[in-house]
Every structure is written in structure tokens, then in C-alpha cells.
Amino acid sequence: MSGAVDLSGLKQPPAGAPSAAGGGDYAVNEANFETKVLRRSVQVPVVVALYSQRSPGSVELVRTLERLVGESGGAWDLATVEAEANMRIAQAFGVQGIPTVIAVAGGQPLADFQGAQPEAQVRQWLSAVLDAVAGKLPGGEEAEEAPEDPRFVAAETALEQGDMAGAEAAYEAIIAAEPGNEEAKGALRQLRFLVRAQVLPASAIATADADLGNVDAALDAADVEMLNQQPDAAFDRLIAVVKRSAGDDRTKARTRLLELFELFDQAEPFVVAARRKLAAALY
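What you see is a predicted model; the values in this text were computed from it and never measured. (Residues numbered from 1 in each chain as written. Predicted model: local features only at pLDDT ≥ 70, side-chain atom pairs only at ≥ 80, totals over all residues. Heavy atoms only, no water.)

### Some details on the nonpolar core
Tyr 171, Phe 193, Met 226, Phe 235, Leu 257, Leu 260 and Phe 261 are the most contacted members of the largest nonpolar core, which totals 39 residues. Examining the composition of this core, we find that seven residues originate from one element, helix α7 (residues 182–197), more than from any other. Apart from residues lying up to four places away in sequence, Phe 235 is in contact with Met 226, Leu 257, Leu 260, Phe 261, Phe 264, Phe 270, Val 271 and Ala 274. Counting residues in hydrophobic clusters, the runner-up holds 17 residues, among them Tyr 51, Leu 78, Trp 125 and Val 129. (Core = buried A, V, L, I, M, F, W, Y, C linked by side-chain atoms within 4.5 Å. Buried < 20%, exposed > 50% of the residue type's maximum accessible area, 1.4 Å probe, protein only. Helix = DSSP H or I, 4+ residues; strand = E, 2+ residues; numbered from the N terminus. Contact = heavy atoms within 4.5 Å.)

Structure follows, in C-alpha cells:
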């Protein structure tokens, strides 16, 4: 999961969206997942609770976990994830139902359970998790934590506050100082995609389907599909444009397709497959 590129991680929740248990300290989304879960789990186990506001049982389970982590004295940490708004996280864990709770230690899933559980069983499960990792985490109290790069912290903070312009400026400053910084380049690509795509109407797909000769409409539709976590559909749409077009239109579709490829790890099977389809379409 630490190597996966997350497309919806920068998307902010709707203004005024309530927290499941009234406390935002444990809320995690795709944008801060690496920091609050993967990195943190090198120090202590992180219990990731995927829930839905529409499921009273999962909301109650989150409340129970928030109370228990407050009693733990820092032995473990909690990450509450609203599943509908963070589908990439749910997909990465292979979640089949809500609520699902996963213990992550050393950056890897360790144990999990699904469905609302009585507090006594939750306590027993937590005890088993702590016993399993006792003395084994590389970033425990005896290890010195590597300091975070303050430049990335500033960019991530801007993202969490919904300040897209501030985040973009922070990443651009990193790249200006370090032209070879791939982490900053990748983050900036993600951010620019989101800024472009999140203002497009959901009707963009229907508009493109109704007018296959409109290349600009196809580009917009592909962005919406990508934002909706449908990369295969977005790739296939643009490859089809490449096949049936020529000249500037073909160049425009190919350029946008290559940009979308760059949002992912290039070793991802679906990216490799799409690149092959593009090569066939071109030659």
C-alpha cells in the first residue's frame, strides 16, 4: 500500500460533514494515510476502523475504539476511515463489509475483524494484537524516529486544510530546490489532476458518450472516470480516441493518456496493459 498512488487522496470531505464519534483527532483519509497509519505503525500498532455514517453499528464501534485508545496510554493508535469517502483505502484492504477493523504494524496488516463486536471481544482482540507485536516493531521506544521533512509537512497540512494553491506552491518550491525529487513531482501531478478533475460535472461522461467526435469531452469524461476510481474505463476511452482520430486530436488524447498513466506506479498491471493497448492503437 505504501507504494500505491492514490487518486482521491486530496479530495476534501464535504463542508460540515459530521464525525462518527465527534472527535476528529483520529480521522484519516487517503491524503494522510501514509503518515498517520503506515509511518505511525512502525512505532505502535495502528487500528484502522473503516465505518459508514449510515451504519449505526459501525459508528458505535468507532466510539468504543476512541474510548479504548484513550485508555491505552499510547500502546496503540487509532485511525478512523469513512469508507464511502475513501474507497482507495477500503479497496487496498480488500474490505467486504462495514465495519471492518484492521490492525497495522510495521506498515503491514496484522489482524482484522468484520462487523460490530461487543466491547469485551474488542478488548480481547486488542490484547492479542499487542502481545503479537511486543518488542518487535523497528520504530519502538528504543529506536530514534526519523524526522519528517518540514517541506512535505507544510504541503500535507495545506492539503488537509483544503488549501490547494498553498499545497501546489509548497511542492513547486521543493522541485525548484531539488529538480530530481520524485516524491514531490508525483504529489504535484496528483494535486493538479484533482484541481482539474474535481470541478467537472458528473454529466461529462454522458456528454462524451453522446458525441464521440468531441475530443475535449472525451478528455473531461476520462478525468471524471479516473476521479471515480475507474482507471481502466478512463484509459480505454482515450485509447479509443487515439484509434479513431488523427493529427492534433490524436496528439491531445495521447498526451492526456500519458499524464494519467503517470498518476500510478508504472508497474501496476492495469497500467502495463493499457500501455500495450496504446502501442497497438498507434502502430
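### A word on the environment of Val 272
Mapped onto the secondary structure, Val 272 falls in helix α12 (residues 269–282). The exposure class assigned to Val 272 is partly exposed, which follows from its relative accessible area of 29%. Distance in space between the C-alpha atoms of Val 272 and Phe 261 is 9.2 Å, their sequence separation being eleven residues. Those residues in contact with Val 272 that lie beyond four places of it in its chain are Gln 266 and Ala 267.

### Considerations on the packing of helix α11 (residues 247–261) against α12
Where α11 meets α12, the axes come as close as 11 Å, and the angle between the chain directions of the two elements is 165°. Relative to α12, the element α11 is oriented roughly antiparallel. Relative to α12, α11 is oriented so that their crossing is left-handed. Counted together, Arg 250, Arg 254, Leu 257, Leu 258 and Phe 261 of α11 and Val 271, Ala 274, Arg 275, Leu 278, Ala 281 and Leu 282 of α12 form the full contact between these two elements. Residues that form the contact of α11 with α12 fall into these classes: eight nonpolar, no polar and three charged. (Axes fitted to C-alpha atoms, helices over the stretch in contact; angles between N-to-C directions. Parallel < 35°, antiparallel > 145°, perpendicular 65-115°, else oblique. Left-handed = near helix turned anticlockwise from the far one by under 90°. Nonpolar A, V, L, I, M, F, W, Y, C, P; charged D, E, K, R; others polar.)

### Quick look at the pairing of strand β2 (residues 77–82)
Looking along a regular strand, one sees side chains alternate from face to face of the sheet. Counting buried positions over the six residues of β2 gives five, a clear majority of the element. One ladder, built from six bridges, connects strand β1 (residues 46–51) with β2; its direction is parallel. Bridge assignment links Ala 49 to a residue of β2, and that residue is Thr 80. (Pairing = 2+ DSSP bridges.)

### Looking at the packing of aromatic side chains
Any two aromatic rings considered together are summarised by their centre-to-centre distance and by the angle between their planes. Counted according to the given criterion, the structure contains seven aromatic pairs. With a centroid separation of 4.9 Å and 85° between ring planes, the pair formed by Phe 113 and Trp 125 is classed as edge-to-face. Here Phe 113 is found in strand β4 (residues 108–114), whereas its partner Trp 125 is found in helix α4 (residues 119–133), with twelve residues between them in sequence. Residue Phe 113 shares its accessibility class with Trp 125, and that shared class is buried. Measuring from centroid to centroid gives 4.9 Å for Phe 264 and Phe 270, while their planes differ by 90°, and the two rings are edge-to-face. Look at Phe 264 and you get buried, because its relative accessible area is 4%. Taking relative accessible area as the criterion, Phe 270 reaches 22% and is therefore assigned partly exposed. Every member of this aromatic cluster is reached through a ring pair, and the members are Phe 235, Phe 261, Phe 264 and Phe 270. (Phe/Tyr/Trp six-rings, centres within 6.5 Å; stacked < 30°, edge-to-face > 60°.)

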